[in-house]
Amino acid sequence: MCGIVGYVGPDSCPEILLEGLRRLEYRGYDSAGIAIFEDSATRILRSEGKLNNLSALLDEKQLSGTVGIGHTRWATHGRPTEQNAHPHKYGRATVVHNGIIENHAQLRAQLLERGHEFSSETDTEIVAHLVDESISKDATPLDAVRQALMQVEGAYAICVLVDGADDTIIVARKDAPLILGIGEGENYVASDIPAILNRTRQMVFLEDGDLAVVKAGSCRVLDLDGNTMERQSEKILWDAVMAEKGGYKHFMLKEIHEQPRAVTDTIRDRLSPAEGDAYIDGFDVDPSTLKRVVIVACGTSYHAAIVGKFLVEGMARIPVEVDLASEYRYRDPLVDEGDLLVTISQSGETADTLAAMREAKKKGARVLSICNVVGSTIARESDGVLYTHAGPEIGVASTKAFTTQLSALVLLGIHLGRRTGKLSGDDARELIHDLLQIPEQMKEVLDHSASINVIARRYANARDFLYLGRGINYPIALEGALKLKEISYIHAEGYAAGEMKHGPIALIDEDLPVVVIAPLGSGYEKIINNLTEVRAREGMVIAVASRGDPDIGEIVDDVIQIPHIRPELQPLLTVLPLQMLAYRVADIRGTDVDQPRNLAKSVTVE
Ligand code: F6R
């Protein structure tokens, strides 16, 4: 959730670091800082808040140098203040860090006993103290970092500068992403590809336990014991423009409009319309041993997981359990070898999802991940990966990652259904035919979303919203509510419509907008009953309904139409108006849509 960038080379470093941090700002943004070697010792600038503050400080203080590191922070230990911003320096060691040092309290107490004084509340500062302590005992910078990391428990992506060693950045990773960017006579470090994609496309993905000595002309990778490790570089083909706003007011809006392309990229080449089958590269399932599917994820990805239950159970007739990764990891889950664990994660770095996956693996489950980030930790540790090809998602609120996850789950349902024999060739062919129409239908929904602006203006000052859905659209009600609350800060609840009478009906009055997902298909009559109950209590109803539904317009305040499609594929369309509604409401209210308060894009801590 924090961002790291580093540079060693011939060029002036402050601009490179600032530009890299700007590209990483979405990962965490309560404070930022840089450290640059000047005359063999580091100089540090840090500021609270947005990067513009750091940039202004830099204009004022004029740092220069060609080797340095930078960081954007999302607070975990200690408040978001300038003092707690990275880099942290103690003695000769300067450190930036993503992750959490779990034994920080114990290490801090020991260091205090040995006479150290701390200038921040962070866990990170401890590493600077430990490194400096080893250097005082004549360790080389590399050995000092190794010795420090051997004392540290927890997760880290870390960069260290040591005064006197002004041609070098020492970096290391464990349970937090870190990559090296390889240039000509210059090298980079970053927590995330977009930070340095404009400078180089050749990258090395460090693995857990790796440490690297980065100089302008070389990158040497070692393990913590000092043994050399071979790591190949990969060429990253992502288009840099894909990571920019492309003319839209916000990344989120751009990403909403990218969904037809993203879904096409995700399903393309994995479907055989003629054979009625879907393929997952490099991952085979033996239907005779597969007894259960368990899907774990967090947040929006968890909502995709619930849709996945409907899809996989419906097509493959295999029992599917869905769990929040943060709960699963702590309940000593029952796992056996007949289980397939499916993790869903946009970033591939979510700490809870990663821990849940490791727990299940330890107990013998095979793991298939649905993931958007190539080379991410979850992807690398899975037995198989079904990559969603959403491209980089920069808006903190997940949109295109969600619909690509849904389409990957349709592929999984078809794949498993064909292998268990519960989905006939004819049914699969029809389903694939309909799935292939989805990107065009998504485009149609997005192109005709002007009415949502009017609805958004009408309800933008509401205090609460209620979202109702049934069956496969129930998780879409959850997702619609999550989207609205995270970017507009309006309180919103998602409910299974049938549950309304068991409690939330008490909320309904003339001030409560209720968004009802009511496409034609199974459960339609039931949801119309629920909707009538809302109307009877003066609630205002906004319906997402099928084009061609002749009646619904008569009984609701507003209708947003979507094409009429089969239930299995409805979530791919019903979620679009809800994303748009959340976006428009937030934009009207003037919130920071792409970087909502208190949130970060990738939650790499518990
Ligand atoms: C909401 C959102 C979050 C993420 C969640 C999991 O819009 O983006 O709820 O879905 O933090 O993240 P990933 O999918 O990266 O594991």
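Preceding block: the structure.
This one's a predicted model, so the numbers in the text were calculated from it and none came from an experiment.

> Which residues make up the site of the ligand, and what values do they have?
Neighbouring the ligand are 13 residues, the closest being Ser301, Ser345, Gln346, Thr350 and Glu486. Between an oxygen atom of the ligand and a main-chain N or O atom of threonine 300, the distance comes to 3.1 Å. A distance of 3.0 Å is found between an oxygen atom of the ligand and a side-chain nitrogen or oxygen belonging to lysine 483. Against a free-state accessible area of 410 Å², the protein chains account for coverage of 89% of the ligand. Considering each element in turn, the shell around the ligand owes the most residues, 3 residues, to helix H8 (residues 299-316). Classifying every residue of the shell around the ligand by side-chain character gives 3 nonpolar, 8 polar and 2 charged.

> Just give me the short version of the sheet that holds strand E8 (residues 169-174), but keep the residues and values in it.
The 6 strands lie next to each other as E5-E6-E7-E8-E12-E13, forming an open sheet whose pairing is antiparallel. Here the strands that pair on one side only, and so sit at the sheet edges, are strand E5 (88-90) and strand E13 (219-223). Averaged over all adjacent pairs, the angle separating strand axes in this sheet is 20°, with direction ignored. In terms of strand pairing, E8 meets strand E12 (residues 210-214) through 4 bridges, oriented antiparallel. Among the inter-strand pairings, isoleucine 170 is bridged to a residue of E12, identified as valine 213.

> Residues and numbers for the side chain of serine 120, please.
Tracing the backbone shows serine 120 in the loop between helix H3 (104-113) and helix H4 (125-136). Using a relative accessible area of 6% as the deciding quantity, one classes serine 120 as buried. A polar atom in the side chain of serine 120 sits 2.8 Å from the side chain of threonine 122. Among the polar contacts made by the side chain of serine 120, one reaches the side chain of glutamate 125 at a distance of 2.8 Å. If sequence neighbours within four positions are ignored, serine 120 has contacts with Gln83, Asn84, His88, Arg108 and Glu125.

> How would you sum up helix H13 (residues 425-447)? Please name residues and give values.
The terminal C-alpha atoms of H13 lie 34 Å apart, and with 23 residues this matches the ideal 33 Å at 1.5 Å per residue to within 8%. When the local axis directions of H13 are compared, the greatest deviation, roughly 35°, occurs at isoleucine 438, which is followed within four positions by the proline proline 439. When we look at burial in H13, the residues that qualify are Gly425, Ala428, Leu431, Ile432, Leu435, Ile438, Pro439, Gln441, Met442, Val445 and Leu446.

> Provide a residue-level description of unusual backbone geometry, including the pertinent values.
For the bond from histidine 86 to proline 87, the omega torsion is 0°, close enough to zero to count as cis. Positionally, proline 87 belongs in the loop between strand E4 (67-73) and E5. Positive phi is not limited to glycine here, since glutamine 62 has a value of about 55°. Summarising the element assignment, glutamine 62 is placed in the loop between helix H2 (51-61) and E4. Judged by relative accessible area, which is 54%, glutamine 62 ranks as exposed.

Basis of the calculations
Residues numbered from 1 in each chain as written. Predicted model: local features only at pLDDT ≥ 70, side-chain atom pairs only at ≥ 80, totals over all residues. Heavy atoms only, no water. Near = heavy atom within 4 Å. Polar contact = N/O pair within 3.5 Å; in protein donor to acceptor, adjacent residues only side chain to side chain. Areas by Shrake-Rupley, 256 points an atom, 1.4 Å probe, with all protein chains shown as cover. Helix = DSSP H or I, 4+ residues; strand = E, 2+ residues; numbered from the N terminus. Nonpolar A, V, L, I, M, F, W, Y, C, P; charged D, E, K, R; others polar. Pairing = 2+ DSSP bridges. Axes fitted to C-alpha atoms, helices over the stretch in contact; angles between N-to-C directions. Buried < 20%, exposed > 50% of the residue type's maximum accessible area, 1.4 Å probe, protein only. Contact = heavy atoms within 4.5 Å. Expected span 1.5 Å × (residues − 1). Bend = angle between axes of the 7 residues up to and from the residue.

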